[in-house]
Amino acid sequence: CEEKPMTLFRLTALLVVGCAMAAQAGAQATLDRTMLPIPEPNYPHETELDARNATPPPRFEIKAPAGAPNVLIVLVDDMGFGIPSAFGGPVHMPTAERLAKEGLRYNQFHTTAVCSPTRTALLSGRNHHTNNMGGITETATAFPGNTGQRPNNVAPLAEMLRLNGYSTAFFGKNHETAPWEVSVSGPTDRWPTRSGFDKFYGFFGGETDQWNPTLYDGMTRIPTPHYPGYNFMTDMTDQAIAWMKFQKALTPEKPFLIYLAPGATHAPHHVPKEWIAKYRGRFDEGWDKLREETLARQISLGVVPPGTKLANKPAAIKDWDKLTADEQKLFARQMEVYAGFGEYCDHEIGRLFDAVRETGQFDDTLIFYILGDNGT
């Protein structure tokens, strides 16, 4: 794997420019894609009065440039740089590891430290203050740059691709819509299905109960699923796989954009017990030892340079050996639950990757697996 710097702006530019480069071939290569929506051609008025002799103009349809790839963006929530095994962390994430071995491993993803700003920048390629998202939507103010409402002059990435002939879908966490706009009264301009996504299945806000989520399908609040073993992480993956397979069955030549944004690993850490059990006792030596081991692995992998030093811990975080036995037991358990959630999340993402392979689309898909939006 090769280490490369990555920013939100480079990522969005890569998606848009990469797709535009494919326009060099195909019948639609002459379309002017510099202005969206692409205008319909002006056909001369028909002067023949007898419909039997009239010649209709060709049907106008926007198609993606020939060879345009599918795009799959996965954004894991609240996962720090030192968490996934793909970057030397203690959480086993084999899906991320396999992808890293097949592609590139980036180590300078630009985050804004909290959910909403990072996400709205990623989904538009614009600075978060330009998007009026100086903080999370719940802490918006009346001041420009932090109103919590994306301006109408900022075009979402999904809308750019949709207007260039893509099918677009969003599954998971939407923390880019102001909470006071999430109602039947709207305004709905910043809901996913008004922001370039044909399909949305997920929840609004920073978090939801993974056993009992508050779900929307498109713009409709739907009944919360209740069946044995239900967890939203699996549910949203099932939805993404079904949508992708339907889309490719109906229009195999039409590329897709899928944005998969799990609630994992944001609180609440709701994960099936069998995933937690994988980490029983793994963190009993505590966070000080864990930090040292993680840094050593990161240096070995090359994702940080030799000589990198650990940052000082905040004063509120005690040295592990100064905690009481009960405190150590509690915090070790919390780490086990979090780690189980991370591996479970990666497993479900792997099911989506496998489904893309089953449809024969994997080698024609740009995949960005981001771990994660703002650290732990």
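Residues numbered from 1 in each chain as written. Predicted model: local features only at pLDDT ≥ 70, side-chain atom pairs only at ≥ 80, totals over all residues. Heavy atoms only, no water.

A. Highlighting the packing of aromatic side chains. For the structure shown, the criterion picks out 19 aromatic pairs. Following the ring pairs from residue to residue traces out a cluster consisting of Phe170, Trp191, Phe197, Phe200, Phe204, Tyr216 and Tyr259. We note Arg357 situated over the ring of Phe362; from NZ or CZ to the ring centre the distance is 3.9 Å. (Phe/Tyr/Trp six-rings, centres within 6.5 Å; stacked < 30°, edge-to-face > 60°. Lys NZ or Arg CZ within 6 Å of the ring centre and 35° of its normal.)

B. Just the pairing of strand β9 (residues 365-371), in detail. Taken across its seven residues, β9 has six buried, putting it largely inside the fold. Pairing of strand β2 (residues 70-76) with β9, which is carried by seven bridges, proceeds in the parallel orientation. Within β9, the position partnered with Leu75 by the bridge is Ile370. (Buried < 20%, exposed > 50% of the residue type's maximum accessible area, 1.4 Å probe, protein only. Helix = DSSP H or I, 4+ residues; strand = E, 2+ residues; numbered from the N terminus. Pairing = 2+ DSSP bridges.)

C. Structural detail: the packing of helix α2 (residues 94-102) against helix α8 (residues 325-358). It is at 8 Å that the axes of α2 and α8 come closest, and there the two elements cross at 50°. It follows that α2 is oblique to α8 by the angle criterion. Seen from α2, the contacting residues are Pro94, Thr95, Ala96, Leu99 and Glu102; seen from α8, they are Asp346, Ile349, Gly350, Phe353 and Arg357. When the residues that make up the contact of α2 with α8 are grouped by side-chain class, the tally is five nonpolar, two polar and three charged. (Axes fitted to C-alpha atoms, helices over the stretch in contact; angles between N-to-C directions. Parallel < 35°, antiparallel > 145°, perpendicular 65-115°, else oblique. Contact = heavy atoms within 4.5 Å. Nonpolar A, V, L, I, M, F, W, Y, C, P; charged D, E, K, R; others polar.)

D. Summary view of the side chain of Thr237. Locating Thr237 in the fold gives a position in helix α5 (residues 232-250). Assessed through its relative accessible area of 0%, Thr237 is described here as buried. In this structure Thr237 touches Glu348, Arg351 and Leu352, once residues within four positions along its chain are discounted.

E. Examining the side chain of Asp373 more closely. Here Asp373 shows up in the segment after β9. Taking relative accessible area as the criterion, Asp373 reaches 0% and is therefore assigned buried. For Asp373, the side chain forms a polar contact with the side chain of Arg119, separated by 3.0 Å. Sequence-distant contacts of Asp373, that is, excluding residues within four places in its chain, are made with Leu75, Val76, Asp77, Asp78, Thr111, Cys115, Thr118 and Arg119. (Polar contact = N/O pair within 3.5 Å; in protein donor to acceptor, adjacent residues only side chain to side chain.)

F. Structural view of the pattern of salt bridges. The final tally for this structure, using the stated rule, is 19 salt bridges. Between Asp77 and Arg119 there is a salt bridge, and its shortest N-O distance comes to 3.2 Å. Pair noted here: Asp77 is in the loop between β2 and α2 and Arg119 is in helix α3 (residues 115-122), with a separation of 42 residues, a long-range link. Assessed through its relative accessible area of 0%, Arg119 is described here as buried. Several salt bridges share partner residues, and in doing so they unite Asp77, Arg119, Lys173 and Asp373 into one network. (Salt bridge = Lys/Arg side-chain N within 4 Å of Asp/Glu carboxyl O.)

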